[in-house]
Amino acid sequence: QNMKFTKSIFGKDSNDIDKFNELDLDERSIVFYAENIASFVTFDQIIYELTEKMGNQICYLTSAKDDPILKNKNKNIRSFYIGDSEITKLKFFLELKAKVLVMTMPDLGTFHIKRSKVYPVHYVHILHSVHSTHYAYRNTAFDNFDTIFCAGNYQIEEIQEREQKFNLKKKELVKIGHGTLDSLINEVQNTNIKRNTSNNKLILIAASWGSNGLLETKCQEIVRILLESKFNVILRLHPMALKKSNKSIQKIEKEFKDHSNFKLETNIRNKESLFLCDCMISDWSGLAIEYAFAFEKPVLFIDTPQKINNPDCEQIGSVAFEKKIRPQIGKILSLSQLSLLPSEINQLLLSQNKFKEEIKKIREETVFNVGNAGEQGAKYLLELKKSLES
């Protein structure tokens, strides 16, 4: 008994794995796994539909100490902190007993999360961005799942092309939509949008992380140009950037920390800057597409080399969605034209109305079930659970 007692005193340094493993199998029929805070945002709508609206119980496993769901008061959500140690996770998932496991993490079976050896778990992957599947992810990222929730038709076509070319098992590819986008559209419609009240226009830089991304290449120069042209600037950092691009961030901080018009933003749950900004600058970030679709505003894209995590991307014939969409929802500026930034921003601001209709049209043509992805996802999971139990 003593061991348990000491564990609880130290709070979240220990994990709740034993507690989860004590549950009946019926109590863990639908289980979500969040590898970090970003997963919570992707699951949010589906979990709300399942637990609040439809009254179903779910389990929620998380590796994020600060996951908001750990403090959730909803009795239909049982949450468990399973820690972030690779070894613990490897063992835990190999011995997992659950009917359905839902995750946003790709690469099932090729990294530290393997399919269960002890139970025929049904693995569901939710594509957590509107990106294509064959550029931004590793080659085999989705091969080992049973079901994939897709945001748009292009994702279904890409995955099917891969299945046919390499004779892979056919997955259930479900037309769900994009929960994160829905949440954002919802907020845009229901929030009294705080406007930027300063005389200076506010520019939000949403830089993706990676060696060729904006942050590692031209970010410092862009911030400098914008500040010299009397813009207010917020640089929003992806959680991975904080881990991987620390040197670049330190350089930027060092140069601009005393500049009253510059702010660094590290909390991705804080969406205020999206509402405040007059214009977004980005490279290949999924957030930029979500921003354009939700706010119906154009984005200024800086043409850094495309983010490719799959050296074999050419095996799939289609052009990546994130490449196709950029000229339709904004303007692309090459790296050699950065001095034109101020005038390009002003041009974009003048043509916002022209873009608005265009962006709406593209959004409806591209994304399934706009405004309704959560409900679609929840319904599918309940049907799936039923079919596995019969």
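See the structure printed just above.
The present account deals with the structure reproduced in this document. Because the structure is predicted, anything quoted here is derived from the model rather than measured. (Residues numbered from 1 in each chain as written. Predicted model: local features only at pLDDT ≥ 70, side-chain atom pairs only at ≥ 80, totals over all residues. Heavy atoms only, no water.)

Here the structure, examined in full by the defined rule, presents 24 salt bridges. Glu389 is the partner of Lys99 in a salt bridge, and the nearest nitrogen-oxygen pair spans 3.0 Å. Remark: Glu389 occurs in helix α15 (residues 373-389) and Lys99 occurs in the loop between α4 (86-94) and β4 (100-103); sequence separation between them is 290 residues. The shortest N-O distance in the salt bridge between Arg162 and Asp143 comes to 2.8 Å. Linking Arg162 in helix α5 (residues 153-165) with Asp143 in the loop between β5 (122-126) and β6 (147-150), this pair joins segments that are 19 residues apart in sequence. The two residues Arg162 and Asp143 agree in class, both being buried. A single network of salt bridges, built from pairs that share partners, joins Glu296, Lys356, Arg363 and Glu364. (Salt bridge = Lys/Arg side-chain N within 4 Å of Asp/Glu carboxyl O. Helix = DSSP H or I, 4+ residues; strand = E, 2+ residues; numbered from the N terminus. Buried < 20%, exposed > 50% of the residue type's maximum accessible area, 1.4 Å probe, protein only.)

Below, the discussion takes up the sheet that holds strand β12 (residues 299-302). Read across the open sheet, the 6 strands follow the order β10-β9-β8-β11-β12-β13; overall the sheet is parallel. In the strand order of this sheet, the two ends are held by β10 (262-265) and β13 (330-333), each with one partner. The sheet shows a mean angle of 20° between the axes of neighbouring strands, direction not considered. Relative to β12, helix α13 (residues 341-350) is tilted by about 150°, and along the sheet it contacts β8 (202-207), β11 (279-282), β12 and β13. (Pairing = 2+ DSSP bridges. Axes fitted to C-alpha atoms, helices over the stretch in contact; angles between N-to-C directions. Contact = heavy atoms within 4.5 Å.)

So, about the packing of aromatic side chains. Under the counting rule described, the total for this entry stands at 12 aromatic pairs. Three or more aromatic residues link up through ring pairs in this structure, and these residues are Phe20, Tyr33, Phe80, Phe92 and Phe93. Against the face of Phe166 rests Arg162, its NZ or CZ located 4.9 Å from the ring centre. Here the basic side chain of Arg326 rests over the ring of Trp284, its NZ or CZ set 3.6 Å away from the ring centre. (Phe/Tyr/Trp six-rings, centres within 6.5 Å; stacked < 30°, edge-to-face > 60°. Lys NZ or Arg CZ within 6 Å of the ring centre and 35° of its normal.)

Across the interface, helix α7 (residues 219-228) lies against helix α9 (residues 246-256) with an axial gap of 10 Å and an inter-helix angle of 25°. Taken as axis vectors, α7 and α9 run roughly parallel relative to one another. Seen along the crossing, α7 lies across α9 with a hand that is right-handed. From α7, Cys219, Gln220, Val223, Arg224 and Leu227 reach across to α9, where they touch Lys251, Ile252, Glu255 and Phe256. Here the residues of the contact of α7 with α9 are counted per class, giving 5 nonpolar, 1 polar and 3 charged. (Parallel < 35°, antiparallel > 145°, perpendicular 65-115°, else oblique. Left-handed = near helix turned anticlockwise from the far one by under 90°. Nonpolar A, V, L, I, M, F, W, Y, C, P; charged D, E, K, R; others polar.)

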